[in-house]
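# An overview of the molecular structure
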Amino acid sequence: MNIILVSNNMTKPRSLSGLHVAVLLIGFFIVASLMTAVVISEKSNIKRQVVKVMSPAQFEKSISSSQMHLDAYAKQIGELQARIMRLDAQNKRLVKLAGIETDKKVAEKAKEIDLTAVDGLVTPGVGGPLVNATPMTEPDLRAAIAELASAVGNRDEYMNYVEADVLQSSVLKDMLPNSKPVSVAYRSSSYGWRIDPFNGNRAFHEGLDFTAATGTKIRAAGDGIVTAAVHTPAYGNLVKLNHGAGLETRYAHASKLLVKSGDRVVKGQVIALVGSTGRSTGPHLHYEIRLNGSPLDPRKYLSSN
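Notes on the structure in this doc start here. (Residues numbered from 1 in each chain as written. Predicted model: local features only at pLDDT ≥ 70, side-chain atom pairs only at ≥ 80, totals over all residues. Heavy atoms only, no water.)

## Observations concerning the packing of aromatic side chains
Scanning all chains against the criterion turns up 4 aromatic pairs. Each ring, one from Phe 210 and one from Tyr 287, has its centre 6.4 Å from the other, and the planes form 65 degrees; the classification is edge-to-face. Of the two residues, Phe 210 is situated in strand 5 (residues 208-211) and Tyr 287 in strand 13 (residues 284-291); the sequence distance between them amounts to 77 residues. Both residues of the pair, Phe 210 and Tyr 287, belong to the buried class. (Phe/Tyr/Trp six-rings, centres within 6.5 Å; stacked < 30°, edge-to-face > 60°. Helix = DSSP H or I, 4+ residues; strand = E, 2+ residues; numbered from the N terminus. Buried < 20%, exposed > 50% of the residue type's maximum accessible area, 1.4 Å probe, protein only.)

Pasting the structure below:
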């Protein structure tokens, strides 16, 4: 096959052989293929970017991050609810100890220190129509949690005060363990909520920690009978004293126990030596007071004796 090209600028016709035609067609197909490859490549890149942006893993990660925030808030609210339950149980003990008069004292004290609107010791009447309800934002949730934590903290402290006052005026006043178990001030963890030194989470600390050197004498805070002198994973070397009427004291993390179960001890008697056994970060005495198994705030019962 021959192709004849005719032009005004040509002095004579020029023909292309079959070889020339083949070369031109091959070139055309090469160029077309390259252009197609470029277009397909661009489309593939765009598709990969879209897949990357809309990846289920990325979407799941985003949802998971939001859920973590919600879980954190839920955990804080759960902790506060647990504190309220503890306070409710404490109030029941007060009612049992002092009868209806305790409720009157609580109401009067709440009014005196203006706790009515803060922590619900006396619940005011509230209400009204719901207008333009909107979901709470994250700042709203944070503010609500902070306010609730402050309110519960005030209530916690106040109820501990009332409980101690009632106990010290009751028939149990002569049985209360009211002397210091060691000859140092408590300078470490106090009674109440704290950050756990081992796992970094908030946890309730049911006693007082007295930082003291290993070997410091631990004395009975009141007359009683030894109900346990054992080693446990959490308390380490532990002494439990029964003071009667449901009152109990616990002395934990001792390096050495000097009494045994069944022994009768008197206030001030040396019962153990300070150590760092069990779940402990260093030498100290972990001291608890309990009434019918429930922890009391030891700070309310310590004297200078």
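## Quick look at the sheet that holds strand 6 (residues 217-219)
Across a sheet, paired strands are connected by hydrogen bonds in the backbone, their directions being either parallel or antiparallel. Pairing is antiparallel in the open sheet, where 3 strands are placed in the order 6-12-10. With one partner strand each, in any of the chains shown, strand 6 and strand 10 (256-257) form the two edges of the open sheet. In terms of strand pairing, strand 6 meets strand 12 (residues 270-273) through 3 bridges, oriented antiparallel. Within the sheet, the bridge partner assigned to Ile 218 lies in strand 12 and is Ala 272. (Pairing = 2+ DSSP bridges.)

## A few points about the pattern of salt bridges
According to the stated counting rule, one finds 8 salt bridges in the structure shown. Residues Arg 194 and Asp 209 are paired through a salt bridge, measuring 3.7 Å at the closest nitrogen-oxygen approach. One end of the pair, Arg 194, is in strand 3 (residues 192-195); the other, Asp 209, is in strand 5, with 15 residues separating them in the sequence. Residue Asp 209 is classed as buried on the basis of its relative accessible area, which comes to 5%. Several salt bridges converge on common partners, so that one network encompasses Glu 206, Glu 248, Arg 250, Glu 288 and Arg 290. (Salt bridge = Lys/Arg side-chain N within 4 Å of Asp/Glu carboxyl O.)

## Brief notes about the layout of surface pockets
Space inside the largest pocket adds up to approximately 410 Å³. As for the largest pocket, its lining consists of 21 residues, and the residues nearest its centre are Arg 194, His 205, His 253, Arg 279 and His 286. Of all the elements in the fold, those that place two or more residues in the lining of the largest pocket are strand 4 (202-205) and strand 13. If one sorts the elements of the lining of the largest pocket by residue count, strand 13 sits on top with 4 residues. A per-class count over the lining of the largest pocket returns 6 nonpolar, 8 polar and 7 charged. Surrounding the second largest pocket, 13 residues form its lining, Arg 86, Leu 87, Arg 93, Tyr 191 and Pro 295 being those nearest its centre. Every element with two or more residues in the lining of the second largest pocket is listed here: helix 2 (56-98), helix 5 (138-168) and strand 14 (294-296). Ranked by the residues each element gives to the lining of the second largest pocket, the list is headed by helix 2, at 6 residues. (1 Å grid on protein atoms, 1.4 Å probe; cavity = no way out; pocket = protein on both sides within 12 Å on 5 of 7 lines; lining within 4 Å. Points joined across faces, edges and corners; volume = space filled by probe spheres on them. Nonpolar A, V, L, I, M, F, W, Y, C, P; charged D, E, K, R; others polar.)

## Considerations on the nonpolar core
If you look at the biggest cluster of nonpolar residues, it comprises 29 residues, and the most contacted ones within it are Ile 218, Val 239, Leu 241, Tyr 251, Ile 271 and Leu 285. Among the elements of the structure, helix 5, strand 5, strand 8 (236-244), strand 9 (247-254), strand 12 and strand 13 are those that each provide at least two residues to this core. The element best represented in this core is strand 13, accounting for 4 residues. Contacts of Ile 218, omitting those with residues within four sequence positions, involve Pro 181, Val 182, Tyr 251, Ala 254, Gln 269, Val 270, Ile 271, Ala 272, Leu 273, Val 274 and Leu 285. (Core = buried A, V, L, I, M, F, W, Y, C linked by side-chain atoms within 4.5 Å. Contact = heavy atoms within 4.5 Å.)

## A look at the pairing of strand 7 (residues 224-232)
By the bridge criterion, 2 bridges tie strand 7 to strand 11 (residues 264-265) in an arrangement that is antiparallel. From the neighbouring strand, Gly 224 faces strand 11, where its bridge partner is Val 265. Across 7 bridges, the pairing between strand 7 and strand 8 is antiparallel. Note that in strand 8 the partner of Val 230 across the bridge is Leu 238. The hairpin turn running from strand 7 into strand 8, its antiparallel successor, is 3 residues long.

## Observations regarding the side chain of His 284
Here His 284 lies in strand 13. Classification of His 284 by relative accessible area gives buried; the value is 9%. There is a polar contact of 3.4 Å between the side chain of His 284 and the side chain of Ser 280. Engagement of the side chain of His 284 in a polar contact is seen with the backbone oxygen of Gly 282, the distance being 2.7 Å. In this view, His 284 contacts Asp 209, Phe 210, Thr 211, Ala 212, Ala 252, His 253, Val 274 and Gly 275; residues no more than four positions away in its chain are not counted. (Polar contact = N/O pair within 3.5 Å; in protein donor to acceptor, adjacent residues only side chain to side chain.)

## Section: the side chain of Glu 248
Considering the arrangement of structural elements, one finds Glu 248 in strand 9. Relative accessible area serves as the criterion here: at 18%, Glu 248 is assigned to the buried category. For Glu 248, the side chain forms a polar contact with the side chain of Arg 250, separated by 2.8 Å. Setting aside residues no more than four positions away along its own chain, Glu 248 makes contact with Thr 227, Lys 240, Leu 241, His 243, Glu 288, Ile 289 and Arg 290.

Without other data, these values stay purely geometric and don't point to any function.
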